[in-house]
Amino acid sequence: MYLPCPVVQNIKVSCTSWKCALEDVAWIISAPAYHLILEGILILWIIRLLFSKTYKLQERSDLTVKEKEELIEEWQPEPLVPPVSGDHPALNYNVVSGPPSHNIVVNGKKCVNFASFNFLGLLDDPRVKAAALVSLRKYGVGTCGPRGFYGTFDVHLDLEDRLAKFMQTEEAIIYSYGFATIASAIPAYSKRGDIVFVDRAACFAIQKGLQASRSDIQLFKHNDMADLERLLKEQEIEDQKNPRKARVTRRFIVVEGLYMNTGTICPLPELVKLKYKYKARIFLEESLSFGVLGEHGRGVTEHFGISIDDIDLISANMENSLASIGGFCCGRSFVIDHQRLSGQGYCFSASLPPLLAAAAIEALNIMEENPGIFSVLREKCKRIHKALQGISGLKVVGESFSPAFHLQLQESTGSREDDVKLLQEIVNHCMDRSIALTQARYLEKEEKCLPPPSIRVVVTVEQTDEELERAARTIKEVAQAVLL
Amino acid sequence: MANPGGGAVCNGNLHNHRKQSDSLQSGNCTKNGIVKEAQQNGKPHFYDKPIVESFEEAPLHVMVFTYLGYGLGTLFGYFRDFLRNCGIEKCNAAVEREEQKDFVPLYQNFENFYTRNLYMRIRDNWNRPICSAPSALFDVMERVSDDYNWTFRFTGRIIKDVINMGSYNFLGLAASYDESMKTVKDVLEQYGLGVASTRHEMGSLDKHKELENLVAEFLNVEAAMVFGMGFATNSMNIPALVGKGCLILSDELNHASLVLGARLSGATIRIFKHNNMQSLEKLLRDAVIYGQPRIRRAWKKILILVEGIYSMEGSIVNLPQIVALKKKYKAYLYIDEAHSIGSVGPTGRGVVEFFGLDPRDVDVFMGTFTKSFGASGGYIAGRKDLVDYLRVHSHSAAYATSMSPPIAEQIIRSMKFIMGLDGTTQGLQRVRQLAKNTRYFRQRLNEMGFIIYGNEESPVVPLLLYMPAKVAAFARHLLNRKIGVVVVGFPATPLAEARARFCVSAAHTREMLDTVLENLDEMGDLLQLKYSRHKKSARPELYDETSFELDD
């Protein structure tokens, strides 16, 4: 009944509009001719403008095919690699035959090892080897896939559990390469636009991680909290100017526990204070301090008695104290779990061979069973540290409890090259007298802040007191002979 | 013996009933003026055998349903996020510490939307833990979730003897211990596991030297250097080779490690379409002619980054043409043979051998030991001056701990096995077996009507699933049938091209492959995965039954 009504109305409406249209047409016909012609021309003009080619200010001078061919013919690239001089130390490297453990055979000469980071002497520990062998029998060697694609073995899950428990955190994640650990972890969180405050002496892996993150990088003077606070303050002022931007700009402080390049410890309590004051998260690289500092070897946090929850992320490699291969990050699940999808070195790399994971587990067992091992190591560090004081021409750089520290020239000769040569002479003479040492090597052009040349001395629990004394004596004598 | 020379490339012409090339591969893109003009003069000698590679497009309705699937998932995700925000639905995700609530959020909310709402639903199909060697059969640990995949609980049950179609164990050299691994055991007992120093300092072992010499011999190049991690081999060595003022031309589907290495180098990066020679030539030509943007100086050098076999596409790099182009435009070629070394070529020497080219045509060989050699780590090989330069300048050599000795020994053992230096021909047989298994598996899948991507000789076989729901169903059903497969979706693939990726191994027996194929056939009907519209082969089986030989 009611349905047709609107239709009828519609028809009515359209009728009226038709009428209007007809009236319009009538008006057009009645309009004067000149008017119509003018409008017609205008319409044509618009059409022409619409379809004409864009006007070019200057005709492009395209190269002819022949010219292009000539350009291709003429171009000569630089060689893929520039030639390197044959006497570079990296080409005449030390060859170690046999295990790089306490007693080491370098270039055919038997020495006591003061160069490898085998702090706890676990590298040729029979228990570790036995555990790895059990794993080898069961799993073979390789994993043939990344963690996501059947590269997760029960051993990996065990190791992650054990590391988390050892460090007393919620979660740990393992990487198959020590270097890739912090270098992948940083860009997983810090993105373009975020700000990272980083110590000048930070190791190369951190530098690469920062570069990959493309974040804004602020360097502060080595271990100088006043300088860090100055930068944080500057940032705070900046943030107040632009609060909208500040709300999405994450701030990170990246430091090392014991610095690889200086052997010094970071002032963690002050850092934690600054963290809460300026709301910046702390990432801590503990490759040298894990399994070294603290009563149970948990690293800098235990050394200073700081709750591990105050540190957002701790990363360390398993290549030094644990004497295996790979690295791990640990912290709260809220932070760590993110890397399982965003850590490039985790997602896109084959997982750690199970025998290396098994070795790391066994090494953790040994560490847990012998907590005394850490104080033994500290005693040894202090002993050689003290014995090396007062060598004329050489200064000891690094903490007295650091198992890796540096010997630098007191006075540089003025050129880095000559310094390196002098130090190498000392190293070579020591090697002749069965003390294996090495200079700390850097890629000089790649480092952000290149540390001065130095000899790195590494202390392990296996070195006897007699050997430590002998090493100190030898270095002293050799240095005196070379430098004076 | 239907195929004595192991001739990996000799039967391409049998497949001419199939689409020979697709839009990506086609050589008829001559509309593009520049390309045409470029090919006029001095046409270089190209590899003359056809490269049979197929990338069939999905039917329209499949695409529509795929996007619809994602659309629905996204809408539902928003709805659930809304419920979570209102506190109606419990949020299982880990949360920030109370003390740090006022910090700038560590993650942006939308960053994890996909993870939280789509990935979480089907997360059980990844990271499945196993508890045996990743050989042809492996044991998967059964796990269940009580909270919709937020956490998993192990039941303690082990799913025994699952057929492994997921691990890159091309030659079956990743297996549990047997007598052939005795040297690995000896090295482990003698050397221990770690090295605790870098190559530049005190971490160059005699084992590394031995391995490097062997790798160079294997690849038939002057020198080689090995590194502890495959990923880092790319990301830490490309920056040593190129830098500011250099140009990197990178395939769009290159692995993350190549991309990272290219980024860290500071060089300008331009992307060419996957395996598309027209696209590459255009970029090369423009680069040489127009030089660097703005300052207009000529590029210092141009480096082409490609992979041998692409792990998600199953395609093999069009090396003959790339070599021709690189010679013509004087660019350098860096080839990542992570998947192709050991797995293609009549004697397993990779893509250069596959195409019968000269190793000197490639400037930088890179590869990993993770896949065919059942170990871990990577290598860079090439001319002696290149390797010497890297010994001095590689980031990895200066700062990263060197390779573990037992791992090095496993590679030595595997390489000698493939080269026949162990006094047997078993290694060679494995390489041939892999080629046969690959052809058989691909052939059968094609006949069944699945859309599979890639080169017919590539042991990486992607099977297209498209729809996100089918991805999960496929993997779960197959695990119930004791077949372990890898499924991949966004972001590893384009959004609408989720796929399953099989890795054929020489260790797969014909029975195993048949079991897998039967199950796939059923699965294809059950989930309606047979999308291919190509005419199916009417020929009797190309693969000669009698030519199949078990590896003994």
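Residues numbered from 1 in each chain as written. Chains lettered and ligands numbered in written order. Predicted model: local features only at pLDDT ≥ 70, side-chain atom pairs only at ≥ 80, totals over all residues. Heavy atoms only, no water.

### Focus: the overall build of chain A
Right, on to step 1. In terms of regular secondary structure, chain A is built from 19 helices and 15 strands.
Right, on to step 2. Radius of gyration (C-alpha) of chain A: 35 Å, far over the 23 Å computed for a compact globule of 484 residues.
Right, on to step 3. Seen through its principal axes, chain A has C-alpha atoms that stretch 120 × 70 × 55 Å.
Right, on to step 4. Expressed as a percentage of the 484 residues in chain A, the buried residues total 56%.
Right, on to step 5. Carbon and sulfur atoms provide 57% of the accessible area of chain A, an area that totals close to 21,800 Å². (Helix = DSSP H or I, 4+ residues; strand = E, 2+ residues; numbered from the N terminus. Rg over C-alpha atoms; globule rule 2.2 N^0.38 Å. Buried < 20%, exposed > 50% of the residue type's maximum accessible area, 1.4 Å probe, protein only. Areas by Shrake-Rupley, 256 points an atom, 1.4 Å probe, with all protein chains shown as cover.)

### Section: the interface of chain B and chain A
Right, on to step 1. On the chain A side, the residues contacting the 119 residues of chain B number 114 residues.
Right, on to step 2. Taken over both partners, the interface formed by chain B and chain A buries close to 10,300 Å², and the fraction arising from carbon and sulfur atoms is 65%.
Right, on to step 3. There are 5 salt bridges connecting chain B and chain A.
Right, on to step 4. For B:R285, the salt bridge is made with A:E69, and the minimal N-O distance between the two is 3.2 Å.
Right, on to step 5. Here the residues of the side of chain B that touches chain A sort into 62 nonpolar, 31 polar and 26 charged. (Contact = heavy atoms within 4.5 Å. Buried area = accessible area lost by both parts, 1.4 Å probe. Salt bridge = Lys/Arg side-chain N within 4 Å of Asp/Glu carboxyl O. Nonpolar A, V, L, I, M, F, W, Y, C, P; charged D, E, K, R; others polar.)

### Quick word on the sheet that holds strand 5 (residues 247–251) of chain B
Residues and elements named next belong to chain B.
Right, on to step 1. On the basis of which strands lie adjacent, the open sheet formed by 7 strands has the order 4-10-9-8-7-5-6 and mixed pairing. Two strands bound the open sheet, and with one partner strand each, they are strand 4 (223–227) and strand 6 (268–272). Taking the axes of each pair of neighbouring strands and ignoring which way they run, one obtains an average angle of 20 degrees across the sheet.
Right, on to step 2. As judged from the 5 bridges shared by strand 5 and strand 6, these two strands associate in the parallel manner. Counterpart to S250 in the pairing with strand 6 is I271.
Right, on to step 3. Across the sheet, helix 8 (residues 256–265) is in contact with strand 5, strand 6, strand 7 (302–307) and strand 8 (332–336); its angle to strand 7 comes to roughly 165 degrees.
Right, on to step 4. Along the sheet, helix 12 (residues 384–393) makes contact with strand 4, strand 9 (364–368) and strand 10 (378–382), crossing strand 10 at roughly 135 degrees. (Pairing = 2+ DSSP bridges. Axes fitted to C-alpha atoms, helices over the stretch in contact; angles between N-to-C directions.)

### So, the environment of A:E362
All names here are of chain A.
Right, on to step 1. Within the fold, E362 resides in helix 16 (residues 354–369).
Right, on to step 2. You can call E362 buried: its relative accessible area is 14%.
Right, on to step 3. Separated by 203 residues in the primary sequence, E362 and L159 place their C-alpha atoms 9.6 Å from one another.
Right, on to step 4. Once you skip the residues sitting within four places of it in the chain, E362 turns out to touch R127, V128 and A131.

### Observations concerning helix 8 of chain B
Right, on to step 1. The buried fraction of helix 8 of chain B is high, at 8 of 10 residues.
Right, on to step 2. Just downstream of helix 8 of chain B lies B:G266, where phi reads positive at about 85 degrees.

### Brief notes about the UniProt feature "domain: Aminotransferase class I/classII large" (unreviewed entry) in chain B
Right, on to step 1. Here the UniProt-annotated "domain: Aminotransferase class I/classII large" (unreviewed entry) positions come out as residues 160–519 of chain B.
Right, on to step 2. Between the end C-alpha atoms of residues 160–519 of chain B the distance is 18 Å, and the span holds 41% helix and 17% strand. (UniProt positions renumbered as here; feature names shortened; annotations may be inferred.)

### Brief notes about unusual backbone geometry
All names here are of chain B.
Right, on to step 1. Looking along the chain, the bond that leaves F490 and enters P491 is cis, with omega of 5 degrees.
Right, on to step 2. Along the chain, P491 turns up in the loop between strand 14 (486–488) and strand 15 (498–503).
Right, on to step 3. Positive phi is not limited to glycine here, since N127 has a value of about 55 degrees.
Right, on to step 4. When you line up the elements, N127 lands in the loop between helix 3 (113–117) and strand 2 (137–144).
Right, on to step 5. Non-glycine residue N220 carries a positive phi angle of around 60 degrees.
Right, on to step 6. Residue placement: N220 occurs in the loop between helix 5 (206–219) and strand 4.
Right, on to step 7. The exposed category is assigned to N220, whose relative accessible area is 58%.

### Description of the UniProt feature "domain: Aminotransferase class I/classII large" (unreviewed entry) in chain A
Right, on to step 1. In the numbering adopted here, UniProt assigns the feature "domain: Aminotransferase class I/classII large" (unreviewed entry) to residues 110–475 of chain A.
Right, on to step 2. Helix makes up 45% of residues 110–475 of chain A and strand 16%. Its end C-alpha atoms lie 17 Å apart.

### Focus on the packing of aromatic side chains
Each aromatic ring pair is described using two quantities: the centre-to-centre distance and the angle formed by the ring planes.
Right, on to step 1. Taken as a whole and judged by the stated rule, the model has 26 aromatic pairs over all chains.
Right, on to step 2. Judged by centre distance (5.1 Å) and plane angle (50 degrees), the ring pair of A:F252 and A:F283 falls under tilted. Within this pair, whereas A:F252 is found in strand 7 (residues 251–256), its partner A:F283 is found in strand 8 (residues 281–285), the two being separated by 31 residues in sequence. Each of the two residues, A:F252 as well as A:F283, counts as buried.
Right, on to step 3. Taken together, a centroid distance of 6.5 Å and an interplanar angle of 65 degrees make the contact between B:F474 and B:F502 edge-to-face. Here the residue B:F474 occupies a position in helix 16 (residues 468–480), and B:F502 occupies one in strand 15, the gap between them amounting to 28 residues.
Right, on to step 4. Taken together, the ring pairs connect A:Y189, A:F252, A:F283, A:F334 and B:Y107 into an aromatic cluster. (Phe/Tyr/Trp six-rings, centres within 6.5 Å; stacked < 30°, edge-to-face > 60°.)

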